[in-house]
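Now for the letters of each chain:
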Amino acid sequence: MGTPISMSSPLKHYTPETLLAAYEKMLLIRRFEEKSGQLYGMGLIGGFCHLYIGQEAVVVGLQSALQPQDTVITSYRDHGHMLACDMEPRGVLAELTGRSGGYSRGKGGSMHMFSREKNFFGGHGIVGAQVPIGTGMAFAHRYKKDKGVCLSYFGDGAANQGQVYESFNMASLWKLPIIYIIEDNQYGMGTSSIRASANADFHRRGEPFHIPGRIVDGMDLFAVREAAEWAVAHARSGKGPVLLHVKTYRYRGHSMSDPGKYRSKEEVEKMRQENDPIEKIRNFLLDQKLTNEEQMKDIDKSIKEILIDAVEFAQSSPEPDPVELYTDVLIPS
């Protein structure tokens with residue numbers, strides 16, 4: 001149960017073309033988050049802002065195994081998930097800056113944006129709230145018999161919330177098609193997961209509910225995709241929920257207001273130098289001669305142009321009309 005997913009072949013689930021596309025998506029998320037941090041520092045993004053830098057292989061690897069009818073829900077560290085669901089960078093950035101061109105028309109900000117067209121259902125600011133909602137989405141898949149699977153992402157801190165285990169019980173009882181993904185980036189808001197959890201073997205949290213669990217190296221795109229294939233096949237076949245304990249690492253603080261003094265700079269730098277998920281794929285592509293330095297430069301240039309366009313769109317998009325205060329609000333009759 002606790003054995004990490006192993007790979008029979010690095011390219012078992014990717015062609016050279018799809019692997020290059022996955023690398024490009026990971027790099028887009030990295031550059032988007034760096035730009036978001038810059039805009040936050042300039043005062044152009046307000047409220048909270050939780051960056052995904054370092055965790056890119058998790059969502060890109062998992063999303064690459066999905067089908068069009070599958071659904072995704074996550075926590076407030078959500079920008080990377082949006083981009084992995086193919087939501088437009090300009091729409092995401094416009095929402096971050098509170099503009100009407102954003103996915104929630106400027107009313108949701110960093111933590112609350114959605115896209116029904118992309119089957120992305122948030123972005124949730126309450127710790128662990130997305131887990132029971134995702135369980136309900138999995139029930140909808142089963143009810144509609146559409147062969148869909150729901151991916152519900154949450155963090156190591158949220159893994160200690162009570163509603164998580166209520167959801168586990170119902171999902172197992174009804175054999176719902178859901179994959180619970182614990183993105184264990186090793187730290188909660190300011191405390192390491194091993195200090196906040198009596199048992200940090202998160203892959204075993206589903207055992208009392210007969211939910212199979214696996215440990216996954218979240219800094220390795222190939223390992224994540226291998227785990228995704230197994231989990232999706234299990235859930236889609238009607239066998240019920242799956243729990244993935246994905247071990248990853250965030251390079252920045254919990255949010256933009258977190259200086260991260262609870263860990264050393266040396267620790268972060270060591271992870272960057274020895275285990276960066278994007279550099280691993282870049283080096284693999286070059287070593288296997290699946291691309292070249294010139295193509296890599298073209299990808300980087302293309303992403304920079306995408307982000308320049310996104311910033312221009314966000315800054316030129318108007319602020320929401322005051323009437324928007326009264327839309328999307330459920331008023332009892």
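Residues numbered from 1 in each chain as written. Predicted model: local features only at pLDDT ≥ 70, side-chain atom pairs only at ≥ 80, totals over all residues. Heavy atoms only, no water.

1. Concerning the overall build of the chain
So, point 1. In terms of regular secondary structure, the chain is built from 11 helices and 5 strands.
So, point 2. Its C-alpha radius of gyration of 19 Å places the chain within 12% of the 20 Å reference for a compact globule of 333 residues.
So, point 3. Across the 333 residues in the chain, those meeting the buried criterion constitute 52%.
So, point 4. In the chain, once contacts between residues fewer than 6 apart in sequence are set aside, the share between residues at least 24 apart is 76%.
So, point 5. If you sum the accessible surface of the chain, you get close to 15,500 Å²; carbon and sulfur atoms cover 53% of it. (Helix = DSSP H or I, 4+ residues; strand = E, 2+ residues; numbered from the N terminus. Rg over C-alpha atoms; globule rule 2.2 N^0.38 Å. Buried < 20%, exposed > 50% of the residue type's maximum accessible area, 1.4 Å probe, protein only. Contact = heavy atoms within 4.5 Å. Areas by Shrake-Rupley, 256 points an atom, 1.4 Å probe, with all protein chains shown as cover.)

2. What about the packing of aromatic side chains?
Any pair of aromatic rings gets described here by the distance separating the centres and the angle formed by the planes.
So, point 1. For the coordinates displayed, the defined rule picks out 10 aromatic pairs.
So, point 2. Taking the centre distance of 6.4 Å and the plane angle of 80° together, the rings of Tyr 187 and Tyr 249 count as edge-to-face. Of this pair, Tyr 187 sits in the loop between strand 3 (178-184) and helix 7 (193-196) while Tyr 249 sits in the loop between strand 5 (242-247) and helix 9 (265-275), placing them 62 residues apart in sequence.
So, point 3. For Tyr 249, a relative accessible area of 1% puts it in the buried group.
So, point 4. Members of the aromatic cluster, connected to one another through ring pairs, are Tyr 165, Phe 168, Tyr 180 and Phe 209.
So, point 5. A cation over a ring is seen here: Arg 225 above Tyr 14, with NZ or CZ 5.1 Å from the ring centre. (Phe/Tyr/Trp six-rings, centres within 6.5 Å; stacked < 30°, edge-to-face > 60°. Lys NZ or Arg CZ within 6 Å of the ring centre and 35° of its normal.)

3. Examining the packing of helix 4 (residues 89-96) against helix 11 (residues 293-316)
A packed helix pair is summarised by two numbers, namely the angle formed by the two axes and the spacing between the axes.
So, point 1. Here helix 4 crosses helix 11 at 45°, and the two axes come no closer than 8 Å. For the element pair helix 4 / helix 11, the angle class is oblique. Every pair of crossing elements has a handedness; the one defined by helix 4 and helix 11 is right-handed. Only Ile 306, Asp 309, Ala 310, Val 311, Phe 313 and Ala 314 of helix 11 make contact with helix 4, whose side of the interface consists of Pro 89, Arg 90, Leu 93 and Ala 94. (Axes fitted to C-alpha atoms, helices over the stretch in contact; angles between N-to-C directions. Parallel < 35°, antiparallel > 145°, perpendicular 65-115°, else oblique. Left-handed = near helix turned anticlockwise from the far one by under 90°.)

4. What about the pattern of salt bridges?
So, point 1. Taken as a whole and judged by the stated rule, the model has 17 salt bridges.
So, point 2. Two residues, Glu 56 and Arg 30, come together in a salt bridge whose shortest N-O distance is 2.6 Å. Placement of the pair is Glu 56 in helix 2 (residues 56-63) and Arg 30 in helix 1 (residues 16-41), with a sequence separation of 26 residues. We note that Glu 56, like Arg 30, is buried.
So, point 3. Across the salt bridge formed by Arg 282 and Glu 293, the nearest N and O atoms sit 2.8 Å from each other. In this pair, Arg 282 is assigned in helix 10 (residues 277-287) and Glu 293 in helix 11, connecting sequence segments 11 residues apart. (Salt bridge = Lys/Arg side-chain N within 4 Å of Asp/Glu carboxyl O.)

5. A few points about the side chain of Asp 156
So, point 1. Among the structural elements, Asp 156 can be located in the loop between strand 2 (150-155) and helix 6 (162-173).
So, point 2. As a buried residue without a salt bridge, Asp 156 has its nearest oppositely charged side chain in Arg 250, at a separation of 7.1 Å.
So, point 3. Here Asp 156 is in contact with Ile 182, Glu 183, Asp 184, Asn 185, Gln 186, Tyr 187, Gly 188, Ser 193 and Phe 202, once residues within four sequence places are set aside. (Lys, Arg positive; Asp, Glu negative; His and termini not counted.)

6. Let's talk about the pairing of strand 2
So, point 1. Of all 6 residues that make up strand 2, 5 are buried, and the element is covered over most of its length.
So, point 2. Bridge count between strand 1 (residues 71-73) and strand 2: 3 bridges; the pairing is parallel. In the strand pairing of strand 2, Ile 73 is matched with Ser 152.
So, point 3. What joins strand 2 to strand 3 is helix 6, and the crossover it makes is right-handed. (Pairing = 2+ DSSP bridges. Right-handed = clockwise from strand over helix to strand, strands pointing away.)

7. Thoughts on the pairing of strand 5
So, point 1. The element strand 5 is largely enclosed, with a buried count of 5 among its 6 residues.
So, point 2. Summarising the sheet, strand 4 (residues 213-217) and strand 5 pair through 5 bridges and their orientation is parallel. Within the sheet, the bridge partner assigned to Arg 214 lies in strand 5 and is Leu 244.
So, point 3. Taken together, strand 4, helix 8 (residues 221-236) and strand 5 constitute a β-α-β crossover, and its handedness is right-handed.

8. Quick word on the environment of Leu 286
So, point 1. Along the chain, Leu 286 turns up in helix 10.
So, point 2. With 27 residues separating them along the chain, Leu 286 and Pro 259 place their C-alpha atoms 35 Å apart.

9. So, unusual backbone geometry
One can expect most non-glycine residues to show negative phi and most peptide bonds to be in trans.
So, point 1. Here the residue pair Gly 122 and Gly 123 is connected by a cis peptide bond, since its omega of 25° sits within 30 degrees of zero.
So, point 2. Among the secondary structure elements, Gly 123 is positioned in the loop between helix 4 and helix 5 (130-144).
So, point 3. The backbone of Asp 328 shows a phi angle near 60°, a positive value even though the residue is not glycine.
So, point 4. Of the residues examined, Asp 328 reaches a relative accessible area of 62% and is grouped as exposed.

Fair warning: the whole summary comes from geometry, so function is off the table for now.
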